[in-house]
Amino acid sequence: MSVTTLSSPTLTQRQPNWLVRLFDYKPFLIVMCLAPAIGLLAVFLTYPLGLGIWLAFTDATIGRRGQFIGFENFQYLLTDPLWWNAVFYSVVYTGIATFGKFALGFWLALLLNNHFPFKSLLRAIVLLPWIVPTVLSALAFWWIYDPQFSIISYLLVDVLHWRTSNIDFLGSPWPARFSLIAANIWRGIPFVAISLLAGLQTISPSLYEAAMLDGASSWQRFRYITFPMMMPILAIVMTFSIIFTFTDFQLVYAITRGGPVNSTHLLATLAFQRGIAGGELGEGAAIAVSMIPFLVFATLFSYFGLARRKWQQGEAND
Amino acid sequence: MTDTVAQASVANAKAAPDTMAWDSGLRRLMMIYLPLGCFVLILLFPFYWMAITSFKPNAELLNYREHNPFWITSPTLVHIKHLLFDTAYPRWLWTTMLVAIGATTLSLVASTLAAYAIERLRFRGSPYVGLGIYLAYLVPPSILFIPLATVVVQFGLFDSPLALILVYPTFLVPFCTWLLIGYFKSIPYELEECALVDGATRLQILRRITLPLAVPGLISAGIFSFTLSWNEFIYALAFIQSGANKTVPVAILTELITGDVYQWGALMAGSLLGSLPVAIFYSLFVDYYVSSLTGAVKE
């Protein structure tokens, strides 16, 4: 309908001016349409990415252009126990948090896939931790982890009498590390659950009916139908999750800033501390660049590791 | 539906008829409602704690012996008053809003045009341009912020909210473009062909046919961008120095925490107020959110 009403005014102005004709010239139009997006990405993403790699090979500081110094920054990092510590914690943090997020998120998705009243309301509530600014919910966790007035300590000590002293969540290395991982899992569950729920809803019920006719138990239905059907979407969500957990910054910066005694530094917070707060741009950039191999490896591993099943099946069937 | 019916029929077959109703009811309670209740409790507790702390007077806040910490006996607005009148909080809110709206507008325009060119103007290599934009989404800000800081200084934009408006599209444009390509795909090509036959120019087609049909996609992309820009932290921390120009998440962390004694009431009130705009925005557009989140993953 709208098309027919459109035709009459355009027919009357048969001879448009050169500007209109220029904008209707396809190659020109393509360039004009792509220019803003490509321009923004080139200036603020591609160029800085290259510049960052260049900076990693210089001794630049804030306010001074650096000299090319080869691999010196990286050689220094390899002897720096703090960098090794950050690598260690980044890997531990990503590993445990990803496992926790996916185990709990998958479970929540399966629960939400049932039929019960107020389902859409519940789905909306569940996403809240993901919507609210991370730093602000991290502050709430900081307050929950307070050494003196922690509500968890209060519950365990004064209400349940399971412990006699308050838990020192953020005062010593390992408890602090696990407290941060718990906060990260809390924030990551909703995203995983809602994305996986979308995947669950695309699985045809007839598959389950067929399996039930064949006498499959609920575990078998999960293992041989739900899980394989979810593999492609799991691979994508996990790739994203690993990338953004490994490079996480906000949560650690807000709650511990890398302390106590630098035990909870992730590579990103260490890069910030050295590069921006400490002014050693070259060294900070080197730390940031040192994340890239881990990211590439993790991406390839999660993507091909999980998607493998799919293409193997495809090969076998063809 | 069919799934539950089928499950019920299996339960029927297994259990004796008289115990079945009770058994499946209890089973449902233990297997579904109890875990769901735990999930909701844990996912919402930090917000409850945030909210209740912001209205507690200091005496109650730090005395668990005489006051039940889970409830307020004498609620007070003193923290919120302190925040609004003794700090630059309204200014921070305003800056954050400005940056979020600016970055959202810029990325929506850029990504609509890009998505239209990639999906509808179809040129040689358009899939590769789409792939390139998608790959840009996989570059995390943690890798970029140090070199970007030097770029921002070079452009003379250091300490200016404009820097944030220009930089945020780096993570918004890939996402929005991706989302909108999916939406444009769902619009029948024939509509545009009809308009072309009728002599409409391509820009007219975009404005009068494609865009009106893609409004749900535009809304999804818009609210997503708004939330992401509101929540952004690392760039705002690295590029803004003066107290007045900070965004809410950065300002709370760097300006409200003074000395060794934390003002938990004010901190939590600040977090609550800073979360409210996105929470309200979210509650108005829940369905768009869920569909864009899931649509983006499925694409």
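Residues numbered from 1 in each chain as written. Chains lettered and ligands numbered in written order. Predicted model: local features only at pLDDT ≥ 70, side-chain atom pairs only at ≥ 80, totals over all residues.

1. Observations concerning the overall build of chain A
Turning to step 1, where the next piece is worked out: Along chain A, the regular secondary structure elements total 16 helices and zero strands.
Turning to step 2, where the next piece is worked out: Relative to its length of 318 residues, chain A is extended, with a C-alpha radius of gyration of 26 Å against a globular reference of 20 Å.
Turning to step 3, where the next piece is worked out: Counting only C-alpha atoms, chain A reaches 85 × 70 × 45 Å along its principal axes.
Turning to step 4, where the next piece is worked out: Counting over 318 residues, chain A shows a buried share of 41%.
Turning to step 5, where the next piece is worked out: If you take every contact in chain A between residues at least 6 apart in sequence, the share linking residues at least 24 apart comes to 69%. (Helix = DSSP H or I, 4+ residues; strand = E, 2+ residues; numbered from the N terminus. Rg over C-alpha atoms; globule rule 2.2 N^0.38 Å. Buried ≥ 20, exposed ≤ 12 C-beta atoms within 10 Å, placed from the backbone. Contact = placed C-beta atoms within 7 Å.)

2. Considerations on the environment of H265 of chain A
All names here are of chain A.
Turning to step 1, where the next piece is worked out: Within the fold, H265 resides in the loop between α13 (250-255) and α14 (267-277).
Turning to step 2, where the next piece is worked out: Along the sequence, H265 and P129 sit 136 residues apart, while their C-alpha atoms lie 23 Å from each other.
Turning to step 3, where the next piece is worked out: If near-sequence neighbours (up to four positions away) are discounted, H265 is found in contact with L82, N85, A86, Y89, G258 and L270.

3. Focus on the nonpolar core
Side chains that are nonpolar tend, in soluble globular proteins, to be buried together.
Turning to step 1, where the next piece is worked out: A37, L139, A193 and I255 of chain A together with A114 and L164 of chain B are the most contacted members of the largest nonpolar core, which has 167 residues in total.
Turning to step 2, where the next piece is worked out: Counting residues per element, this core draws most heavily on helix α10 (residues 173-201) of chain A, at 14 residues.
Turning to step 3, where the next piece is worked out: Discounting chain neighbours no more than four positions away, the residues touching A37 of chain A are A110, S111, L113, A114, I133, V173 and T177 of chain B. (Core = buried A, V, L, I, M, F, W, Y, C linked by C-beta atoms within 7 Å.)

4. Quick look at the interface of chain B and chain A
Turning to step 1, where the next piece is worked out: If you look at the interface, chain B gives 86 residues, while chain A gives 83 residues.
Turning to step 2, where the next piece is worked out: A total of twelve residues in the side of chain B that touches chain A trace back to one element, the largest contributor, which is helix α2 (residues 17-54) of chain B.

5. Regarding the confidence of the model for chain A
Residues and elements named next belong to chain A.
Turning to step 1, where the next piece is worked out: Here chain A shows a mean pLDDT of 85. Residues at 70 or above account for 91%.
Turning to step 2, where the next piece is worked out: Within chain A, the element-level pLDDT minimum falls on helix α1 (residues 2-12), averaging 48, and the maximum on helix α5 (residues 81-112), averaging 93.
Turning to step 3, where the next piece is worked out: Confidence drops under pLDDT 50 across residues 1-12; counting only partners more than four residues distant or on other chains, this segment forms 16 contacts. (pLDDT = per-residue confidence, 0-100.)

6. A look at unusual backbone geometry
With glycine set apart, most residues show a phi of negative sign, and most peptide bonds adopt trans.
Residues and elements named next belong to chain A.
Turning to step 1, where the next piece is worked out: We note that F118 has phi near 60 degrees; this positive angle belongs to a residue other than glycine.
Turning to step 2, where the next piece is worked out: With respect to the secondary-structure elements, F118 resides in the loop between α5 and α6 (119-126).
Turning to step 3, where the next piece is worked out: We classify F118 as exposed; it has 9 C-beta atoms within 10 Å.
Turning to step 4, where the next piece is worked out: Here N262, not a glycine, exhibits a phi torsion of approximately 60 degrees, which is positive.
Turning to step 5, where the next piece is worked out: Relative to the helices and strands, N262 resides in the loop between α13 and α14.

7. Re the confidence of the model for chain B
All names here are of chain B.
Turning to step 1, where the next piece is worked out: Model confidence for chain B is summarised by a mean pLDDT of 83, while 88% of its residues fall at 70 or above.
Turning to step 2, where the next piece is worked out: Confidence drops under pLDDT 50 across residues 1-6; counting only partners more than four residues distant or on other chains, this segment forms eight contacts.
Turning to step 3, where the next piece is worked out: Low pLDDT, under 50, characterises residues 8-19; the stretch is placed with six contacts to residues that sit more than four places away or in other chains.
Turning to step 4, where the next piece is worked out: With a pTM of 0.85, the predicted complex shows an ipTM of 0.84.

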